[in-house]
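Below, each chain spelled out in residue letters.
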Amino acid sequence: MSSVSVALDNARADIKGSDGRLLILTQTLLIFFLLTLSLTSASVQRYLSDNLDSMLGADMAVTSYDALASDEVDMLTTLAARRSTTQLMTLTLAHKGAWQRAQLKLIDDIYPLQGELKTGASRSAEHVSRTRGPGLGEIWIGPRLSTKLKAAVGDVMTLGDTQLAVTAIVFHEPDRLMEGHSVAMRAMVHSASLKGANLDGTNNRYRYLLEANASERSAIEAWVAETLPAAEITKKDGGSHPLALFWQRTENFLGLASVILFFMAAVAVDMANRRHLVRQKHRLALYLSFGTRLSTGLKISLFQWGLGFIASLCIGTALAYVAEGFLIGQLADQFPGISWGWHTAALVKTTLLTLALLLAFQAPALWQLKSSSVASLIRAQDTPRATFLRTVWGFSSLAMLASFYSDNALLTGMTLAAMGGALLLMLLLTWLVLTFGELWARRRPGLLPFSFFMMKQRIFSKSTQILGLGLCGLLLLFTLMLMQDIRTSMDGYVRSNDGNLLISAAQPKHMKAIETWASSTGSVIRALRPFTNAQLVKINGAKLDDFVTKPSDTLSNVKSPIRLSWSEAVPDNNRVVDGNWWQPGEADWHRISAEPEVLTDLGLALGDTLTFQIDGKLHDFKLTVSHAFRPGRGSITFWFQVPPLMVTEVAPSVRYIGSMELPDAAWGTLDTLWQQFPDLSMVPLKELTARFDATLAMVTKLTVGFAAMVLLMAGVVIAASIKGFEADDRQKNGLLMSMGLGKRDCMKLSFYDWLITALIAGSGAAAGTWLAGLLIYQSQFSLAYSPDPAWLIGSVLVMCAVVCSIGLTYSRRSLSASVTDLLAD
């Protein structure tokens with residue numbers, strides 16, 4: 001027979017057995033999840049590319065967080081065929097006793113440059129196309145803002161000292177794409193209407209919409225790159241969609257989440273491979289006894305595995321395309337007009353990645369077959385060295401996958417550290433419990449001491465089983481419970497430290513009014529820290545995008561102005577991690593301190609030079625200190641801090657962030673403060689909580705499907721763990737029954753065996769979950785993690801009950817056979 005025929009016969013024989021079907025199921029689930037992620041991502045990326053060309057509202061847009069100088073605006077006008085200038089700021093609009101934070105767009109006479117506005121006379125009116133925006137003294141508001149403020153066409157709204165008539169409800173803006181995934185309520189007004197209003201809201205952006213041909217766009221791009229380092233360019237024909245980075249980070253998060261499935265798949269494959277490897281050893285020994293070369297036998301084994309992979313790939317691919325169609329339908333609200341596709345390139349790339357990783361799972365088994373003698377192949381005994389190799393190889397392969405997918409190196413490292421710590425703890429617990437249990441059992445009769453003795457003799461195989469079940473439990477608990485834990489922790493901590501109203505941005509002109517209002521309403525200002533808006537534009541002389549190439553939350557935030565604060569001494573809620581804080585009165589104001597997470601995500605080190613744009617001017621700072629948040633002494637902290645002398649030398653625009661405690665009666669008078677100062681930014685804690693709840697609800701919906709996948713894979717792992725050791729249990733039961741033990745005693749021994757196994761695995765899983773929370777909460781959220789002991793103990797008990805129930809079910813099945821059959825196995 002040819003090698004191909006033998007491999008086909010072996011594959012058919014294996015798939016008829018439960019072990020072969022288990023391997024196919026594991027690989028199919030893994031391929032299905034990864035292909036679904038890749039195909040859906042490819043559909044979104046294609047949509048973003050096509051959508052950019054039709055919804056930009058201009059051929060090119062230049063965005064700056066500071067207004068350009070008049071000569072710079074003149075240069076843009078000269079280089080482009082036409083130009084329209086818009087300004088966006090976040091204000092608090094008040095009307096009829098209601099108030100709402102909203103994004104106000106100030107436009108000129110030329111806006112919209114391309115496309116049309118869609119407006120109506122009411123929220124339910126028919127949409128009317130317009131080629132010009134609101135006129136002098138008019139304001140257009142979005143439908144959601146109209147509902148929130150109970151404002152309708154014909155009403156008059158007040159912004160500071162300016163009165164504006166609501167003349168339309170605006171439904172569509174041709175440059176709305178530039179807002180990315182923002183869901184802020186919005187309004188529109190002509191810039192001339194607020195010329196003397198002296199408003200300076202938060203999140204200010206100046207956008208210059210340009211109409212230009214290809215050569216003009218190239219000239220503008222070159223000029224902006226040389227002259228305006230802090231400006232961003234968005235253009236048609238190859239430009240970067242505002243949502244592209246957001247989606248890439250979402251994709252990276254899901255990719256990191258898929259590592260959990262990969263770990264589970266690795267455990268399931270390893271467990272199922274245990275019996276499969278025994279069969280392969282017997283086959284290889286048989287081939288060698290017939291004179292077949294070792295290389296030929298290994299080729300047969302590899303080709304046989306390849307046939308199983310192809311079967312899994314066909315099934316997983318078909319299911320992935322079905323899932324892609326479903327998910328694209330769910331995304332239609334966020335991405336109107338999106339459609340699914342075949343995406344051959346994404347299919348091939350993901351298939352090759354999955355193939356490489358599954359081959360990595362098989363590599364230790366192939367090495368073990370290659371390096372074994374004929375006698376050892378016939379005995380088919382596993383060795384501690386082989387077990388250790390499989391564990392280290394699998395963990396290393398998946399760690400590389402995690403680093404490939406992750407957009408947050410620190411978070412990835414903490415997750416892998418928690419998993420590694422849990423694995424080491426489970427190995428240590430296994431050795432301690434079985435060693436001391438066996439010592440305790442030496443002079444004691446009974447089934448429990450005998451169970452410890454037998455488990456100690458099988459310590460290496462039991463370690464593998466415990467690691468598999470424990471890792472499965474850890475990943476399951478981590479996936480399902482951590483998000484709710486952090487929500488509870490954040491609720492309690494923020495409420496106890498920040499009062500019930502956050503002052504997110506107050507200008508000096510606001511402070512006297514705030515103090516007067518607080519005194520008259522019985523409110524208390526609990527904390528207040530100064531800051532200025534600063535945008536990081538260069539690192540060591542290189543542009544930010546050139547220095548940092550991997551997307552992260554930190555990179556996304558520092559691309560826009562962040563809060564830069566100053567303090568002579570180390571703030572009470574901070575501690576120095578590295579370097580030395582500046583001394584009081586120190587003359588060198590070019591020093592700066594940053595948080596460790598910022599250093600990690602941006603690839604910074606002490607000694608680097610950071611260039612910030614402050615009020616339109618560039619200033620260099622040398623990174624000399626790293627500081628971290630210290631819980632319990634107020635939660636207002638900053639990513640970057642500098643010496644106070646910077647304020648004297650640079651004279652930046654100063655703002656304040658702080659918190660207040662308001663009595664119930666004071667809430668009803670907040671609208672008067674905002675009507676006088678619409679550019680005062682304050683956010684009630686209940687609104688922050690509502691935003692967090694909305695985010696939590698959205699993420700919960702996204703993770704329901706993923707949690708279902710994890711639960712399904714967890715079931716596969718448990719089944720593989722028990723099936724992988726079923727032959728050992730049958731032999732053990734056969735020997736025990738041949739020596740006179742009854743089936744009831746064998747069931748008790750099985751119960752003790754599974755109970756000890758589950759207790760060790762469950763303890764390791766709970767400890768790993770606790771370690772992950774401890775590391776990640778402090779690192780990522782600056783919160784002290786306090787897990788619920790009752791929940792941890794309950795999780796361990798539930799895990800013990802599930803594992804013991806399934807294990808005893810398999811044991812009862814094996815005990816239903818005769819002693820002769822059990823010994824024959």
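Undergrad: What is the right way to read the packing of helix H1 (residues 3-16) against helix H7 (residues 294-330) from this model?
TA: Packed helices, taken two at a time, are described by their axes: the angle between them and the distance between them. Closest axis-to-axis distance for the H1/H7 pair is 9 Å, and the angle between their directions is 50°. Taken together, the axes of H1 and H7 are oblique relative to one another. At the point where H1 passes H7, the crossing takes the right-handed sense. Of H7, the residues touching H1 (which contributes Ser3, Val4, Val6, Ala7, Leu8, Asn10, Ala11 and Asp14) are Thr296, Ile300, Phe303, Gln304 and Leu307. Residue composition of the contact of H1 with H7, by class: eight nonpolar, four polar and one charged.

Undergrad: Explain helix H5 (residues 214-227) here, please?
TA: Two residues of an α-helix separated by three or four positions point the same way, owing to the 3.6 residues in each turn. With 14 residues, H5 extends 20 Å from end C-alpha to end C-alpha; this agrees with the ideal 20 Å at 1.5 Å per step. Among the residues of H5, Arg217, Ile220, Trp223 and Val224 are the ones counted as buried. Angular distribution of buried residues about the axis of H5 spans 130°; they occupy a single face of the element. In H5, the exposed residues that point more than 90 degrees away from the buried face are Ser215 and Glu226. Lining the buried residues of H5 we find strand E1 (60-64), helix H3 (70-79), strand E10 (202-211) and strand E11 (232-235).

Undergrad: Please clarify how the nonpolar core should be interpreted in this entry.
TA: Soluble, globular proteins show a tendency: their nonpolar side chains are buried together. Ranked by size, the top nonpolar core spans 30 residues in total, and within it Met426, Leu434, Leu474, Ile756 and Val803 carry the most contacts. No other element matches the eight residues that helix H13 (residues 459-497) contributes to this core. Those residues in contact with methionine 426, other than ones at most four positions away along the chain, are Ile466, Leu467, Gly470, Leu471, Ile760, Ala761 and Gly764. Ranked by size, the runner-up nonpolar core spans 27 residues in total, among them Trp566, Ile592, Leu599 and Leu623.

Undergrad: Teacher, can you tell me more about the pattern of salt bridges here?
TA: Two side chains of opposite charge can pair, provided their charged atoms sit close to one another. Scanning the entire structure with this criterion turns up ten salt bridges. A salt bridge links lysine 509 to aspartate 679, with the shortest nitrogen-to-oxygen separation between them at 3.1 Å. Linking lysine 509 in helix H14 (residues 508-521) with aspartate 679 in the loop between helix H19 (670-676) and strand E22 (681-684), this pair joins segments that are 170 residues apart in sequence. Aspartate 679 gets classed as buried once you look at its relative accessible area, which sits at 1%. Glutamate 661 is the salt-bridge partner of arginine 526, the closest N and O atoms lying 3.2 Å from each other. Note that arginine 526 is positioned in strand E13 (residues 524-539) and glutamate 661 in strand E21 (residues 655-661), a separation of 135 residues in sequence. Counted as one network, the salt bridges with shared partners bring together Lys105, Glu173 and Arg186.

Undergrad: In this structure, what is going on with a nonpolar patch on the surface? I would like to understand it.
TA: A contiguous nonpolar surface patch, about 230 Å² in accessible area, is contributed by Val4, Leu8 and Phe303. Within the secondary structure, leucine 8 is located in helix H1. Among the residues examined, leucine 8 registers a relative accessible area of 35% and is labelled partly exposed.

Cut-offs applied
Residues numbered from 1 in each chain as written. Predicted model: local features only at pLDDT ≥ 70, side-chain atom pairs only at ≥ 80, totals over all residues. Heavy atoms only, no water. Axes fitted to C-alpha atoms, helices over the stretch in contact; angles between N-to-C directions. Helix = DSSP H or I, 4+ residues; strand = E, 2+ residues; numbered from the N terminus. Parallel < 35°, antiparallel > 145°, perpendicular 65-115°, else oblique. Left-handed = near helix turned anticlockwise from the far one by under 90°. Contact = heavy atoms within 4.5 Å. Nonpolar A, V, L, I, M, F, W, Y, C, P; charged D, E, K, R; others polar. Expected span 1.5 Å × (residues − 1). Buried < 20%, exposed > 50% of the residue type's maximum accessible area, 1.4 Å probe, protein only. Arc of directions from axis to C-beta. Core = buried A, V, L, I, M, F, W, Y, C linked by side-chain atoms within 4.5 Å. Salt bridge = Lys/Arg side-chain N within 4 Å of Asp/Glu carboxyl O. Patch = residues over 30% accessible without salt bridge, like charges linked within 9 Å, V, L, I, M, F, W, Y side chains within 5 Å. Areas by Shrake-Rupley, 256 points an atom, 1.4 Å probe, with all protein chains shown as cover.

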